[in-house]
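# Chain and residue survey
Listed here are the chains, written in short residue letters.
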Amino acid sequence: MTAQWEAKNKNCLITGAASGLGAAYAEALLKEGAKKVAVVDIDENTGQNFVAKLNETYKNAAIFVKCDVSKESEIENCFKTVVKEFGRVDVLINNAGIMSDLETTWRLATDINYQGLVSFTLKAVKHMRKDEGGAGGVIVNISSTAGLSKVNTFPIYCGSKAAVRYFTQSLAMPPFFEDTGIRVMALCPGATATKLVENLDKKVVDMKNSKMMEELFGNVHIQSVESTVAVMHKMLKDGNNGSIWLSNKDQPPYELTSHIDKFFTDVEELVSP
Ligand SMILES: NC(=O)C1=CN([C@@H]2O[C@H](COP(=O)(O)OP(=O)(O)OC[C@H]3O[C@@H](n4cnc5c(N)ncnc54)[C@H](O)[C@@H]3O)[C@@H](O)[C@H]2O)C=CC1
Ligand SMILES: CCCCC/C=C\C=C\C(=O)C/C=C\C/C=C\CCCC(=O)O
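From a predicted model like this one, the values you see are computed outputs, not experimental measurements.

What counts and how
Residues numbered from 1 in each chain as written. Chains lettered and ligands numbered in written order. Predicted model: local features only at pLDDT ≥ 70, side-chain atom pairs only at ≥ 80, totals over all residues. Heavy atoms only, no water. Helix = DSSP H or I, 4+ residues; strand = E, 2+ residues; numbered from the N terminus. Rg over C-alpha atoms; globule rule 2.2 N^0.38 Å. Buried < 20%, exposed > 50% of the residue type's maximum accessible area, 1.4 Å probe, protein only. Contact = heavy atoms within 4.5 Å. Areas by Shrake-Rupley, 256 points an atom, 1.4 Å probe, with all protein chains shown as cover. Near = heavy atom within 4 Å. Polar contact = N/O pair within 3.5 Å; in protein donor to acceptor, adjacent residues only side chain to side chain. 1 Å grid on protein atoms, 1.4 Å probe; cavity = no way out; pocket = protein on both sides within 12 Å on 5 of 7 lines; lining within 4 Å. Sits in = over half its atoms within 2 Å of the grid points. Nonpolar A, V, L, I, M, F, W, Y, C, P; charged D, E, K, R; others polar. Pairing = 2+ DSSP bridges. Right-handed = clockwise from strand over helix to strand, strands pointing away. Axes fitted to C-alpha atoms, helices over the stretch in contact; angles between N-to-C directions. Parallel < 35°, antiparallel > 145°, perpendicular 65-115°, else oblique. Left-handed = near helix turned anticlockwise from the far one by under 90°.

### Focus on the overall build of the protein
A tally of helices and strands in the protein yields nine helices and eight strands. Computed over C-alpha atoms, the radius of gyration of the protein comes to 18 Å, within 12% of the 19 Å expected from 2.2 N^0.38 for 273 residues, which places it in the range of a compact globule. The buried share among the 273 residues of the protein stands at 48%. For the protein, the proportion of contacts with a sequence separation of at least 24, taken over those separated by at least 6, is 73%. Carbon and sulfur atoms form 53% of the exposed surface of the protein, whose accessible area is close to 13,800 Å².

Pasting the structure below:
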C-alpha cells in the first residue's frame, strides 16, 4: 500500500465525468486539493459547462477533453492531450459506462464498459510505470454489483462489469505493484441515483412480462451519489493494489477482496493446469 496517499497536487483523468458519478468524483478530488482534473466525456456541451462551473471555484484546474471511449483513435488522442496539458497523470478513474442491453446496442455498450476501460488502463500503465521512468499512480476501474450478481434482465451489462473486475484483479497480480508503483483497483457500486437508473425499460433485454420488471426494480434501494464518492475517497486513500470495494445501499465503504479471493481459492484446484 502507498502510505498516506492524498489528492493534494495530483493530476487526474476521469472518463464519463461530464455528469453523474464521474462528475461527482471530479468535484470531490478538486475539493480535496487535486491540482488538475481532466473531464473526459462524449457529451461536449454538458462537459464544457461543468468544467466552466468547476473553474469558477478551482481556478483553471479543470479541462474538458471530448472523447468517445468506444473509439480507439479518440482514446489515443485524449490520453496524449491530457499528458501534454498536465505533464503527468497520477490518477485515472475509468468511469464511463452505459447500461444498454438491446439487440442493437449491446456491442457498443461492451466497447464502452470494457474495451475502452482496458485501453485507457494500458495507456496509463505505460505512462505511470516507475520501472520505465514514470511516477507511479492509481487506477480505479468502475465495475458494479451487477459484476458480482446474475441478473437475466441485463446479462450483457453484468458480463461487461464482471469483465472489468476480472481484468483489474488479474492485472494487479504480483509483481505488478512492485514493478510499476501503480495501484489498480475496482469499485462496485449498487444502484445509485443518476441518469443510468432512469428509463430502465428502454435499456434492458425485452421483458415480455412487465410485472417481472416491477418485481425486479420496484424495491431496489437507490443510494445517493455521495455514498459512492465516500467509497472512492476511502479506496484512493487506503486501498491496496488489487483490492475490490463495494458501495451499496448507502452503507460505509466495504472491502470485498477477501470474499472474491475465497472464490478463487475454492476453484483453484479444479482449474489449475
Ligand atoms: N448509477 C448506478 O446505479 C451505477 C453506475 N455504475 C457505473 O458507474 C459509471 C458511471 O455511471 P453513472 O454516473 O451512473 O451514469 P450516467 O449515465 O449518469 O453518466 C455517464 C457519463 O458517461 C458519459 N458517456 C457515455 N457514453 C460515453 C462514451 N462512449 N464515451 C465517453 N463518455 C461517455 C455520459 O455522457 C455521462 O456523462 C458507469 O460505468 C456505470 O456503469 C455502477 C453501478 C451502479
Ligand atoms: C436488481 C435491479 C437493479 C436495478 C438498478 C438499475 C441499474 C443498476 C445498475 C448497476 O450498475 C448496478 C446496480 C444493481 C444491480 C445489480 C445487481 C443486483 C442483484 C441483486 C441480487 O442478486 O440480489
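So, next bit.
### As for the site of ligand 1
Neighbouring ligand 1 are 29 residues, the closest being Asp 41, Asn 95, Tyr 157, Thr 192 and Thr 194. Within the contact set of ligand 1, an oxygen atom lies 2.5 Å away from a side-chain nitrogen or oxygen of Thr 194. When ligand 1 sits alone it has 830 Å² of accessible area, and the protein chains cover 93% of it. Mapping ligand 1 onto the cavity grids shows that it belongs to the largest pocket. For the shell around ligand 1, the elements supplying multiple residues, two or more each, are α1 (20–31) and α5 (155–171). Partitioned by chemical class, the residues of the shell around ligand 1 number 14 nonpolar, 10 polar and five charged.

### Some points on the pairing of strand β4 (residues 91–94)
Burial along β4 is two-sided: the face carrying Val 91 and Ile 93 and the face carrying Leu 92 and Asn 94 are both buried. Relative to β4, strand β1 (residues 11–15) is paired through three bridges, and the arrangement is parallel. When the sheet's bridge partners are listed, Leu 13 is paired in β4 with Leu 92. In this view, the connection linking β4 to its parallel neighbour strand β5 (residues 137–142) by way of helix α4 (residues 106–128) has right-handed handedness.

### So, the sheet that holds β1
What the eight strands build is an open sheet, ordered β3-β2-β1-β4-β5-β6-β7-β8; its pairing is mixed. The two strands at the open ends of the sheet, each matched to only one other strand, are β3 (62–66) and β8 (254–255). As paired elements, β1 and strand β2 (residues 36–41) share five bridges and run parallel to each other. Pairing of Leu 13 across the sheet is with Ala 38, part of β2. Running over the sheet, α1 touches β1, β2, β3, β4, β5 and β6 (182–189) and is turned about 170 degrees from β1.

### As for the packing of α1 against helix α2 (residues 44–57)
Relative to each other, α1 and α2 sit at 20 degrees, their axes nearing to 11 Å. In terms of orientation, α1 lies roughly parallel with respect to α2. The crossing of α1 and α2 is right-handed. Counting all contacts with α1, which are made through Ala 23, Ala 26, Glu 27 and Leu 30, the residues of α2 involved are Phe 50, Lys 53 and Leu 54. Of the residues in the contact of α1 with α2, the class split is five nonpolar, no polar and two charged.

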